[in-house]
Amino acid sequence: MTQNMTITEFLAQHLQGEHSGALNAILDDITVAVKQIAIAIDAGAITGNMGSLATENVQGEVQKTLDVLTNDIFIEAIQKSGYVAGMVSEELIDPVNLTVKNGQYLLCVDPLDGSSNVNVNISVGTIFSLLKAKNNQPELNDFLQAGTQQICAGYAMYGTSTMLVLTTGNGVNGFTLDKTSNDFVLTHPNMQIPQETTEFAINMSNYRFWQEPVQRYIDECLQGTEGERDKDFNMRWVASMVAEVHRILVRGGVFMYPSDAKAKMGKLRLMYEANPMSFIVEQAGGASTTGLQRVMEVAPTGIHQRVPIMLGSKNEIDRVAIYHQKKSKRK
Ligand code: AHG
Ligand code: MN
Ligand code: MN
């Protein structure tokens, strides 16, 4: 067996510049949180944590026991380094201020992504993004920074193995949890998304609600060798964004949750789903668009705002964007 570098060794060697000390410490805390979440998810129904609560989150979604548990694990773990001044989470209406002396960073987190999959034993994840704080007492407005301002983004995937995939703006690296040593080890250095693909992921049941550019793109994929594209496409839909993005990082593809007649701003949240995933995808050579704008350039107006998103292999995302631009010019 080859000796893989641990995440601690990797970060010590590769993090450079003004944020390196803080990032080392914060990522250490995130690693602790992710390991705890992996244990909670692994335990499945044994601990009785698979059910739903009577509460709803700010989006009106019924909270699962694990949504709340994973959120609590994050709040607890992230206080240790003393560098994180405040946190926004899918599971909290307002930002929380952490009682630290030297908080210079802000964390946005989706503690459990794909939670509808948790009691059917399908992959789920955690998504996070780090921003610079103005001061130690952040206000809601301080979080409203465009994705281009992110210092670091990552996701954990609780799949057939537990993985942590990270960018600090210098490429994307993937680590796998070695359960014998309880260390994350580097298994996927410098992840690159192939520019070409013949695989797409979208919730097809929304077809009739989509706008014309999305219908056109998917229609052409479905026509395969008999249509405009002259090649056959394959489709996947896991209903866990983390699992879809991970597949795209490993073998290419596109993932789309566009705006439609039912969900005017799409479904996914800008600050803790779309922006971190867009940062990772761009850092791996892919692209991410709302259709008309680079996702990371959207100016946020709310911590829980939704955004249409289409990301993945660059040539396909460029094509989808052109279809949207043509439609908007016709208007
Ligand atoms: P969350 O569990 O954090 O609310 O996110 C679920 C999201 C995303 O992970 C996934 O891509 C999408 O919702 C699935 O949506 P459908 O229910 O339309 O399949
Ligand atoms: Mn999510
Ligand atoms: Mn979630």
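Please read these numbers as outputs of a predicted model, since none were measured by experiment. (Residues numbered from 1 in each chain as written. Chains lettered and ligands numbered in written order. Predicted model: local features only at pLDDT ≥ 70, side-chain atom pairs only at ≥ 80, totals over all residues. Heavy atoms only, no water.)

The next thing to look at is the pattern of salt bridges. One side chain can pair with another of opposite charge once the charged atoms of both are near each other. In the structure shown here, the tally under the stated rule is 16 salt bridges. Glu196 is paired through a salt bridge with Lys231; the nearest N and O atoms lie 3.8 Å apart. Of the two residues, Glu196 is situated in the loop between strand S10 (183-188) and strand S11 (199-202) and Lys231 in the loop between helix H5 (212-223) and strand S12 (234-235); the sequence distance between them amounts to 35 residues. A residue is classified by how much of its surface remains accessible, and Lys231, at 23% relative accessible area, is partly exposed. A single salt-bridge network, built from bridges that share partners, covers Glu61, Glu90, Arg269 and Glu273. (Salt bridge = Lys/Arg side-chain N within 4 Å of Asp/Glu carboxyl O. Helix = DSSP H or I, 4+ residues; strand = E, 2+ residues; numbered from the N terminus. Buried < 20%, exposed > 50% of the residue type's maximum accessible area, 1.4 Å probe, protein only.)

Turning to the domain arrangement of the chain, a few remarks are in order. Considered domain by domain, the chain is made up of domain 1 (7-188) and domain 2 (199-330). For domain 1 and domain 2, the distance between their C-alpha centroids amounts to 24 Å. Summed over the three residues of domain 1 that lose the most area to domain 2, namely Ile127, Leu144 and Tyr155, the buried surface amounts to 19% of that side. Run the count over domain 1 and domain 2 and you get two salt bridges. (Domains from an automatic or database assignment. Buried area = accessible area lost by both parts, 1.4 Å probe.)

With that settled, consider the coordination of the manganese ion (ligand 2). Bound to the manganese ion (ligand 2) are the protein donor atoms Asp110 (OD), Asp113 (OD) and Glu273 (OE), situated 1.9 to 2.2 Å from the metal. Mapped onto the sequence, the donors of the manganese ion (ligand 2) take the spacing D-x2-D-x159-E. The metal-metal distance between the manganese ion (ligand 2) and the manganese ion (ligand 3) comes to 3.8 Å, with Asp110 coordinating both. Of this pair, Asp113 sits in strand S5 (residues 105-113) while Glu273 sits in helix H7 (residues 270-283), placing them 160 residues apart in sequence. (Donors = N, O, S within 2.8 Å, 3.2 Å for Na, K, Ca; no water.)

Strand order across the open sheet formed by five strands is S12-S11-S13-S15-S14, with mixed pairing between neighbours. Of all the strands in the sheet, just S12 and strand S14 (287-289) have a single pairing partner and so form its edges. Looking at chain direction, S11 and strand S13 (residues 254-257) are connected through three bridges and run parallel. Bridge pairing in S13 links Ile202 to Met256. Running at roughly 35° to strand S15 (residues 309-312), helix H6 (residues 241-251) makes contact with S11, S13 and S15 of the sheet. (Pairing = 2+ DSSP bridges. Contact = heavy atoms within 4.5 Å. Axes fitted to C-alpha atoms, helices over the stretch in contact; angles between N-to-C directions.)

Let's shift gears to the site of ligand 1. Contacts to ligand 1 come from 18 residues, most closely from Glu90, Asp113, Gly114, Met241 and Tyr257. Contact distances for ligand 1 include 2.7 Å between an oxygen atom and a side-chain N or O atom of Asp113. Take Ser115: an N or O atom from its main chain is 2.9 Å from an oxygen atom of ligand 1. Starting from 470 Å² of accessible surface for ligand 1 in isolation, the protein chains cover 86%. Counting residues per element, the ones that place at least two in the shell around ligand 1 are S5 and S13. In terms of residue class, the shell around ligand 1 is made up of seven nonpolar, four polar and seven charged. Looking at the shell around ligand 1, you find at least three residues from each of domain 1 (7-188) and domain 2 (199-330). (Near = heavy atom within 4 Å. Polar contact = N/O pair within 3.5 Å; in protein donor to acceptor, adjacent residues only side chain to side chain. Areas by Shrake-Rupley, 256 points an atom, 1.4 Å probe, with all protein chains shown as cover. Nonpolar A, V, L, I, M, F, W, Y, C, P; charged D, E, K, R; others polar.)

Looking now at the pairing of strand S6 (residues 124-132). In terms of burial, S6 is largely enclosed, as eight of its nine residues are buried. Judged from the seven bridges that link them, S5 and S6 form a sheet pairing that is antiparallel. Pairing of Cys108 across the sheet is with Ser129, part of S6. Bridge analysis of S6 against strand S7 (residues 152-158) gives seven bridges, and the strand direction is antiparallel. Bridge pairing links Leu130 to Cys152 in S7.

The phi angle of most residues is negative, glycine excepted, and most peptide bonds adopt the trans form. At Asn121, a residue that is not glycine, the phi angle is positive and equals roughly 60°. Of note, Ala239 is a non-glycine position whose phi angle comes to about 70°, a positive value. Considering the arrangement of structural elements, one finds Ala239 in the loop between S12 and H6. Residue class for Ala239 comes out partly exposed when judged on its relative accessible area of 36%.

This part covers the state of the cysteines. What the rule picks out here adds up to zero disulfides. Between Cys108, a cysteine without a disulfide, and Cys152, which holds the nearest cysteine sulfur, the sulfur-to-sulfur distance is 12 Å. (Disulfide = S-S within 2.5 Å.)

So, on to the coordination of the manganese ion (ligand 3). Every protein donor of the manganese ion (ligand 3) is accounted for by Glu90 (OE), Asp110 (OD) and Leu112 (O), and the metal-donor separations fall at 2.2 to 2.3 Å. Site description for the manganese ion (ligand 3): donor spacing in sequence, E-x19-D-x1-L.

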